[in-house]
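Spelled out, the chains give:
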Amino acid sequence: MAGIIYALTSLFLGICAGLSAPRNHPANEVTLLDSRSVQGDLAWVASPTEGGWEEVSIMDEKNIPIRTYQVCNVMEPNQNNWLRTHWIRRGPAQRIYIEIKFTLRDCNSLPGVIGTCKETFNLYYLESDSDNERFAHESRFEKIDTVAADESFTQVDIGDRIMKLNTEVRDVGVLSRTGFYLAFQDVGACIALVSVHVFYKKCPLAVRNLAQFPDTVTGADTSSLVEVRGSCVNHSEEQEVPKMYCGADGEWLVPIGNCLCNPGYEERNEQCQVCKVGYYRSLSSDGGCRKCPLHSYSMKEGATSCDCDKGYYRSETDPAAMPCTHPPSAPHNLISNVNETSVLLEWSPPITSGGRQDLTYNVVCKQCVRDTQRCTPCGDDVRYSPQRLSLRSTRVSVHQLQAHTNYTFQIWAVNGVSKHSPSLEQATSITLTTNQAGECSKDITRHTLSLFWDKPEKPNGVILEYEVKYYEKNERSYRIVKTTSRSADIKDLTPLTSYVFHVRARTAAGYGETLIVSLSVAAPVVGGVISSAVLLLLVAGCVVVLLLTLIITFIITKRIYVDPYTYEDPNQAIREFAKEINTSCIKIEKVIGIGEFGEVCSGRLKLPGKREICVAIKTLKAGFTEQQRLDFLSEASVIGQFDHPNIIHLEGVVTKCKPVMIITEYMENGSLDMFLRKNDGRFTVIQLVGILRGIASGMKYLSDMSYVHRDLAARNILVNSNLVCKVSDFGMSRVLEDEPEGAYTTRGGKIPIRWTAPEAITYRKFTSASDVWSYGIAMWEVMSYGERPYWDMSNQDVIKAIEEGYRLPPPMECPLALHQLMLESWMRERADRPKFSQIVNMLDKLIRNPATLKRTAGDASRPHPSTLHHAPSLGSVDEWLKTIGLEQYRENFSTAGFCSLESVLPMSHEDLGKMGISCSAHQRKILSSVQELLSGMHHRQDTKVPV
Ligand code: AMP
């Protein structure tokens, strides 16, 4: 008995060192019971009441008393000591977690206890709607688990108080009653229950995208997601229904939808905060509050727009961000040129345009009685060229005036805010008298022509200047005028002569295309007046920019994959290979899986000018490091380089806002392994071969690009609604670290052992040939509808068996030809394995000749987990041809890609013909020998060799 007491005492001496005051529980845990925070006795119910569990007070290192239970009847047989908690109210919990901290003595350290001492205890629970002593009988309790220690201790060194506690957590769901009891059953161990913490998990109140999500209790299932609708925070409105999923671990998953701050408020610290005085925000889709633009102000908080300073205005169409403006000043330098009953008016733009770009001119024409101030508006028969109102040019010609009449012309400068303050200060005027027909006037435009043209529609850069080249129609000598404006006055023309004009624009890229225009200068003879000296030549869109001669050189070279990590800046690779997508084009709909870096969601993508498509959206969870961001995005820079129907297609990436996302095409049927397991036995052999062909074709494309996948397995193939399989999972880091099947090898890094070729496991020789090995395993997975390769054998046993030459046997009903192909891809020497191109050809051949698929590995039942198949080695094609005396066909066989004898097995007459072996006697001889090989193999396969 003394020994036992010693054991218990030391039990607690040890505990104290590892125990600190009750910890603060994480925000996503809601405590239902914490034995360490109970003041006074725990007073749980022990049975038997004496000699079993005992309540003991100990002091933790801060001298705070804590209540514990202990039992240590290691010398007495048949122990059955129960300890039951008081009734615990369940609250809203559907799944509860029980965290037990305890110490447990190692039986080896206690002399004389063999046969009676135990090192485990059992944990039970009982649900009930009320605290009912009589009801809580032991026999009613349900077992949660047997709990064993990770750190049992063998000896206690009093001088060294460092003793680790065991912490074990168990969980139970789905709970439905009002409350429950927990019970601890000891069957003869030496245990101290130091603390018991019972809690449930919730996703704590959170604000995402301005939507508030309430405290949400997690689902009953460890894998269930609870969909929660958020409500917009104060001063915000819903843009798209905000939703978020609460995961079983009490973590919120990717937020969907969002709210936007109302006008007058801006987003700050996940709240909508009011815009300060002097600031405004006009639309909920705008960024933050902005300072009032020039010549405007806001006097109150929460302004949605700013008022204009006195004398400044805003037109109805002016955006709120535009400064307030004022009407322009009057045009100036107005001059007139009268020609009989026409007049050309020209003026200079106003000194100030009022701060706007929309300046135009209106002409007001008045006919005045000479020497009086009486004027009347001009009649409707007066013509204006180009027009009277909204003129953009600073000239107008007015025709069909009356001869010998006094006119006053006002030119008004007008802009978008003129109507707010009309005043004569915006107009300039001129008064003139028209002439008699044929009368001469001062002729300043004689022999002159004015050309106007429009800007080219698509200049290939900033236009530096225009060049006007002109010559007499039948002459070759020309003159050139250069101008930076879109008009030119051409002087010294010869009247009554036809001219050709070329106008072209020059940008930094050179001259644009030239327009050739022929014009006759329809002027009277010298001494007369050139009528309508202004020729408006609107050459809209005709001065075309230089057609860049694109010398498209097709360099026909093999495309090689570029490792994004070879870029000095991996962001550059992302920019190069992945298109940036604007988040407004993406609609996230639901969470479909959990990836290595965050949730994978399904949703829709609508790119401008394209139809909406379903997409998969991989997200990068918050709080990532720059390296994790690059690792995550590296997958996009890899996939972005591929374009093949059997490789997952990248739509683009979102890197400019959070969460960072990778958008790929959506594969409705998810990963191939799960898909096969769900549809066990439902496909025809031809459908399965079709699946294999698709994967092989994708892999051929990758190997042609010199890309080595390293993790080809059914779980990394995705299936769409048309059963098209696509190779996926091109993450860089996962190759070594994050593969769920990965096991650490002696050389560091993780490798999916069962799928990996021996040379890749032993000395990391990853090549397309090692991908072929993995392909063989994936074939086996497909043909066995998602069976686990090598069943429950350990990784070490798999490595050993492969080393000894054992290989996976044919799955049930697997055509022999396919198993042969598997065996070839599992050749020890990687050079002996077929290339992906040969695999594709071989599968095509099988699909064309479905009869070759009939032969299966006999009536072999699903292989017994403990049996592997010793790889039959048939020798080389050359040797075989020699034995049947047809060596002359060696070339034919090797050219057709038959490099191992296994590969000739599915061969037909037609194949031989195509290989150039036309002699029918030779064909017969070859095929009968093939038959013999097959029956020999069949025989050998029936003898399964246990590992
Ligand atoms: P991964 O991070 O690529 O392993 O993706 C995790 C899970 O999300 C996969 O196992 C699939 O179930 C799912 N998933 C990933 N990409 C897609 C996709 N393009 N279409 C449909 N489901 C996908």
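Residues numbered from 1 in each chain as written. Predicted model: local features only at pLDDT ≥ 70, side-chain atom pairs only at ≥ 80, totals over all residues. Heavy atoms only, no water.

By the naming in an unreviewed UniProt entry, the chain is receptor protein-tyrosine kinase, taken from Sinocyclocheilus grahami.

**Things to note about the state of the cysteines**
All chains considered together, the criterion is met by ten disulfides. Disulfide pairing places Cys308 opposite Cys324 at an S-S distance of 2.0 Å. Residues Cys308 and Cys324 share a disulfide whose torsion about the S-S bond is about -75°; that sign makes it left-handed. Linking Cys308 in strand β25 (residues 307-308) with Cys324 in the loop between β25 and β26 (332-339), this pair joins segments that are 16 residues apart in sequence. You'll find Cys308 and Cys324 in the same group, each marked buried. (Disulfide = S-S within 2.5 Å. Helix = DSSP H or I, 4+ residues; strand = E, 2+ residues; numbered from the N terminus. Buried < 20%, exposed > 50% of the residue type's maximum accessible area, 1.4 Å probe, protein only.)

**Points about the sheet that holds β26**
The sheet built from four strands is open, its strands ordered β26-β27-β31-β30 with antiparallel pairing. Whereas interior strands pair on both sides, the edge strands pair on one side only; in this sheet they are β26 and β30 (383-385). Strand-to-strand twist of the sheet, defined as the mean angle between neighbouring strand axes without regard to direction, takes the value 20°. Bridge count for β30 against strand β31 (residues 395-399) is three bridges, and the pairing is antiparallel. (Pairing = 2+ DSSP bridges. Axes fitted to C-alpha atoms, helices over the stretch in contact; angles between N-to-C directions.)

**Comments concerning the site of the ligand**
Looking at the ligand, there are 13 residues lining it, with Ala616, Lys618, Thr664, Glu665 and Met667 nearest. Take Lys618: an N or O atom from its side chain is 2.6 Å from an oxygen atom of the ligand. Within the side chain of Thr664, one N or O atom sits 3.3 Å away from a nitrogen atom of the ligand. Surface burial for the ligand is 79%, taken as the share of its 470 Å² of free accessible area covered by protein chains. (Near = heavy atom within 4 Å. Polar contact = N/O pair within 3.5 Å; in protein donor to acceptor, adjacent residues only side chain to side chain. Areas by Shrake-Rupley, 256 points an atom, 1.4 Å probe, with all protein chains shown as cover.)

**Comments concerning the packing of helix α8 (residues 768-783) against helix α10 (residues 816-825)**
Axes are the key here: two packed helices are described by the angle between their axes and the distance separating the axes. Two elements in contact, α8 and α10, have axes whose closest approach is 8 Å; the angle formed by their N-to-C orientations is 150°. Looking at the two axes, α8 sits roughly antiparallel to α10. Seen from above, α8 lies across α10 with left-handed handedness. Listed contacts from α10 to Val772, Trp773, Gly776, Met779, Trp780 and Met783 of α8 are Leu818, Leu821, Met822 and Ser825. Per-class residue counts for the contact of α8 with α10 are eight nonpolar, two polar and no charged. (Parallel < 35°, antiparallel > 145°, perpendicular 65-115°, else oblique. Left-handed = near helix turned anticlockwise from the far one by under 90°. Contact = heavy atoms within 4.5 Å. Nonpolar A, V, L, I, M, F, W, Y, C, P; charged D, E, K, R; others polar.)

**What to know about the pattern of salt bridges**
If you walk through the whole model with that rule in mind, you get 29 salt bridges. With a shortest N-O distance of 2.9 Å, Glu266 and Arg268 are connected by a salt bridge. A relative accessible area of 35% means that Arg268 is categorised as partly exposed. Ionic pairing is found between Glu465 and Lys482, a salt bridge with its closest N-O pair at 3.9 Å. (Salt bridge = Lys/Arg side-chain N within 4 Å of Asp/Glu carboxyl O.)

**Side note on the confidence of the model for the chain**
In low-pLDDT regions, the fine details of the predicted coordinates are not to be read closely. In the predicted model, the chain carries a mean pLDDT of 82, and 82% of its residues have values of at least 70. This model gives residues 1-18 a pLDDT under 50, and the stretch forms 42 contacts once residues within four places in sequence are excluded. This stretch, residues 859-866, has a pLDDT under 50; its non-local contacts, to residues over four places away or in other chains, come to 14 contacts. (pLDDT = per-residue confidence, 0-100.)

**Topic: helix α11 (residues 836-848)**
Here α11 contains 13 residues, and its C-alpha end-to-end distance of 18 Å stays within 8% of the 18 Å for a straight helix at 1.5 Å per residue. Listing the buried residues of α11 in full gives Phe836, Gln838, Ile839, Val840, Met842, Leu843, Asp844, Lys845 and Leu846. (Expected span 1.5 Å × (residues − 1).)

**Focus: the nonpolar core**
Formed by 76 residues in total, the largest nonpolar core has its most connected members in Phe642, Leu672, Ile695, Phe730, Tyr775, Leu818 and Leu843. Top element by residues in this core is helix α5 (residues 685-704). It accounts for nine residues. Excluding residues that lie within four positions of it along the chain, Leu843 makes contacts with Val689, Leu692, Arg693, Ala696, Tyr775, Leu818 and Leu821. If you look at the next biggest cluster of nonpolar residues, it comprises 31 residues, including Ile96, Leu123, Val172 and Val196. (Core = buried A, V, L, I, M, F, W, Y, C linked by side-chain atoms within 4.5 Å.)

**Observations regarding the packing of aromatic side chains**
Per the counting criterion, the structure on display carries 24 aromatic pairs. Ring centres 5.1 Å apart and planes at 90° place the aromatic pair Phe102 and Phe121 in the edge-to-face group. Note that Phe102 is positioned in strand β7 (residues 95-104) and Phe121 in strand β8 (residues 120-128), a separation of 19 residues in sequence. By relative accessible area, Phe121 is classed as buried at 0%. Pairwise contacts between aromatic rings join Trp44, Tyr69, Phe102, Phe121 and Phe184 into one cluster. (Phe/Tyr/Trp six-rings, centres within 6.5 Å; stacked < 30°, edge-to-face > 60°.)

**Re the pairing of strand β41 (residues 586-594)**
Where β41 and strand β42 (residues 599-605) come together, seven bridges link them in antiparallel fashion. Within β42, the residue paired with Lys587 across the bridge is Arg604. The hairpin turn running from β41 into β42, its antiparallel successor, is four residues long.

**As for unusual backbone geometry**
Following Ser47, the chain continues to Pro48 via a peptide bond in cis, the omega torsion being 0°. Considering the arrangement of structural elements, one finds Pro48 in the loop between β2 (45-47) and β3 (54-59). Cis geometry marks the peptide bond from Ser385 to Pro386; its omega dihedral reads 5°. Structurally, Pro386 is set in the loop between β30 and β31. One non-glycine residue with positive phi stands out, namely Asn209, at about 50°. Residue placement: Asn209 occurs in the loop between β13 (206-208) and β14 (211-213). Of the residues examined, Asn209 reaches a relative accessible area of 37% and is grouped as partly exposed.

**Observations regarding helix α3 (residues 626-639)**
What sets the pattern is the α-helix's 3.6 residues per turn: residues three or four places apart point alike. Look at α3: 20 Å from first C-alpha to last across 14 residues, which is about the 20 Å you get at 1.5 Å a residue. At Leu633, α3 shows its maximal kink, close to 25°. Along α3, eleven of the 14 residues are buried, which leaves the element largely enclosed by surrounding structure. Buried within α3 we find Arg629, Leu630, Asp631, Phe632, Leu633, Ser634, Glu635, Ala636, Ser637, Val638 and Ile639. (Bend = angle between axes of the 7 residues up to and from the residue.)

**Concerning the sheet that holds strand β28 (residues 360-368)**
A sheet is described by the order of its strands in space; here four strands give the open sequence β29-β28-β32-β33, paired in antiparallel fashion. Strands at the two margins of the open sheet, each flanked by one partner only, are β29 (375-377) and β33 (427-433). Adjacent strand axes in the sheet meet at a mean angle of 30° when their direction is disregarded.

**Some details on the environment of Leu692**
Along the chain, Leu692 falls in helix α5. In the structure, Leu692 is positioned 83 residues away from Tyr775 in sequence and 8.9 Å away in space, judged by C-alpha atoms. If near-sequence neighbours (up to four positions away) are discounted, Leu692 is found in contact with Tyr775, Met779, Val782, Met783, Leu818 and Leu843.

**Focus on the packing of helix α2 (residues 570-577) against α3**
Following both chains from N to C, one finds α2 and α3 inclined at 30°, their axes separated by 9 Å at the closest point. Here α2 is positioned roughly parallel relative to α3, judged by the angle of their axes. In the crossing of α2 with α3, the sense of the turn from one axis to the other is left-handed. Seen from α2, the contacting residues are Pro570, Asn571, Ala573, Ile574 and Phe577; seen from α3, they are Glu626, Arg629, Leu630, Leu633 and Ser637. Here the residues of the contact of α2 with α3 are counted per class, giving six nonpolar, two polar and two charged.

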